[in-house]
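The primary structure of each chain is shown beneath.
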Amino acid sequence: MNEQPSLTDLSALAAIVAHRSFRKAADELGLSPSTLSHMVRTLERNMGVRLLNRTTRSVAPTEAGERLVTRLGPVLRELDAALSEVADFRSHPGGTLRINSSEIAARLLLRSAVPRFLARYPEVSLDLVTEGRLIDIVAEGFDAGIRLGEAVPQDMIAVRFGGEARFVAVASPAYLACHAAPRTPDDLKDHVCIRFRLPSGKPYRWEFAKHNQEMAVDVPGMLTLDHLELMTEAAAAGMGIAYVPDRSAQPYIDRGALVTVLDDWCPAIPGLFLYYPGHRHVPPALRAFIDVLRETN
């Protein structure tokens, strides 16, 4: 080894391996892909070993590169934590706060907590990423995640907000004019239902509960969607019965476009939680966001 690698070069390598892409890593680091490629070539030359296998379509770490990045992970996280602790001495939170959220939760935040937070802490840049799949927020570089309570990993610290939530079965008046409303979840087998495809690709089985009796129904239906808002719109258009969060359905219910069915089989659930790892230093920006979240509950 001719020269000790710099922290900048090592961080760049870790970003490339995490994204499996020079372009995505360059976007994260605010560099050009060509600059990033030059940094890696210099790092490999100084260390005397190839760290990445590159093709025109992909990039992947060699065995040596994988081992180096694996050992670097805890070091880089500890460095981030140390810098965050020093940042605590500033009078106001700053930097970037990255939160991974479901789309419905993000819509709720944008109506309440986010405007107040951004107005109060102008030095913070909020990066709010929405997606259906449940991810490892630590591995993906997020400060916190937001999901329904049942989906929060058990090793996380969770902060509840937004009150209780509820999934409801809904249909349009036009649909119910042609089909008798279901009285029990079993009746759904004789109805046209709008099915939901989970991020894993599997169809979601509708879950109901009443008097400590729980049922999961694999409903029939010709239409399957992967977006709850689209399911609500399809139900309002008379395409069948949908099972969606009450927050999605309520505007349609208020104007008479949808009617709930099976109300007594749709109990409230704990609702949304912001969660973050307890073993890491909590950045000042995240602490400030949690305070605002509690204010707007």
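A quick note: this is a predicted structure, and the numbers were derived from the prediction, not measured.

*Asks:* Lay out a nonpolar patch on the surface with the relevant residues and their values.
*Replies:* Nonpolar side chains collect at one region of the surface, where Leu7, Leu79 and Leu83 lie side by side and expose about 260 Å² of accessible area between them. Relative to the assigned elements, Leu7 resides in helix H1 (residues 7-19). Owing to a relative accessible area of 45%, Leu7 belongs among the partly exposed residues under this scheme.

*Asks:* Tell me what's going on with the side chain of Ser101, and back it up with residues and numbers.
*Replies:* Inspection of the secondary structure assignment puts Ser101 in strand E3 (residues 95-101). Under the relative-accessibility criterion, Ser101 is labelled buried at 0%. Apart from the residues within four sequence positions on either side, Ser101 is in contact with Ala106, Leu128, Val129, Thr130, Glu131, Ile146 and Arg147.

*Asks:* Could you give an account of helix H2 (residues 22-29), naming the residues involved and the relevant values?
*Replies:* Turning to H2, its buried residues number three or more, namely Phe22, Ala25 and Ala26. Buried residues in H2, looked at end-on, bunch into an arc of 100 degrees, giving them a common side. For H2, exposure combined with an orientation more than 90 degrees from the buried face picks out Arg23, Asp27 and Glu28. The backbone nitrogen of Arg23 has a side-chain oxygen 3.3 Å away, supplied by the residue at the start of H2, namely Ser21. Just beyond H2, the residue with positive phi is Gly30, at close to 75 degrees.

*Asks:* Account for the sheet that holds strand E5 (residues 144-148), naming residues and giving values.
*Replies:* The strand order E4-E3-E5-E15-E6 describes an open sheet built from five strands, whose pairing is mixed. Bordering the open sheet on either side are strand E4 (124-130) and strand E6 (156-161), each of which pairs with just one other strand. Within this sheet the neighbouring strands show an average axis-to-axis angle of 25 degrees, counted without direction. Summarising the sheet, E3 and E4 pair through seven bridges and their orientation is parallel. Each bridged residue has a counterpart across the sheet, and for Thr96 the counterpart in E4 is Ser125. Strands in contact with helix H10 (residues 284-295) are E3, E4, E5, E6 and strand E15 (272-277); relative to E15, the strand with the most contacts, it is inclined by about 160 degrees.

*Asks:* Please provide a residue-by-residue account of the nonpolar core, values included.
*Replies:* Formed by 33 residues in total, the largest nonpolar core has its most connected members in Val170, Leu188, Trp206, Phe208, Met231 and Ile241. Elements supplying a minimum of two residues to this core: strand E7 (165-171), strand E8 (194-196), strand E9 (206-210), strand E10 (213-217), helix H8 (228-236), strand E12 (242-245) and helix H9 (246-254). Every residue in contact with Ile241, bar those within four places of it in the chain, is listed here: Ala169, Val170, Ala171, Tyr175, Pro182, Leu188, His191, Val192, Cys193, Ile194, Trp206 and Val261.

*Asks:* Pulling in residues and values, what's your account of the pairing of E5?
*Replies:* Counting buried residues along E5, four of its five residues qualify, which places the element largely inside the surrounding structure. Examined bridge by bridge, E5 and E15 share four bridges and lie antiparallel to one another. Looking at E15, one finds that Arg147 is bridged to Phe273.

What counts as what
Residues numbered from 1 in each chain as written. Predicted model: local features only at pLDDT ≥ 70, side-chain atom pairs only at ≥ 80, totals over all residues. Heavy atoms only, no water. Patch = residues over 30% accessible without salt bridge, like charges linked within 9 Å, V, L, I, M, F, W, Y side chains within 5 Å. Areas by Shrake-Rupley, 256 points an atom, 1.4 Å probe, with all protein chains shown as cover. Salt bridge = Lys/Arg side-chain N within 4 Å of Asp/Glu carboxyl O. Helix = DSSP H or I, 4+ residues; strand = E, 2+ residues; numbered from the N terminus. Buried < 20%, exposed > 50% of the residue type's maximum accessible area, 1.4 Å probe, protein only. Contact = heavy atoms within 4.5 Å. Arc of directions from axis to C-beta. Polar contact = N/O pair within 3.5 Å; in protein donor to acceptor, adjacent residues only side chain to side chain. Pairing = 2+ DSSP bridges. Axes fitted to C-alpha atoms, helices over the stretch in contact; angles between N-to-C directions. Core = buried A, V, L, I, M, F, W, Y, C linked by side-chain atoms within 4.5 Å.

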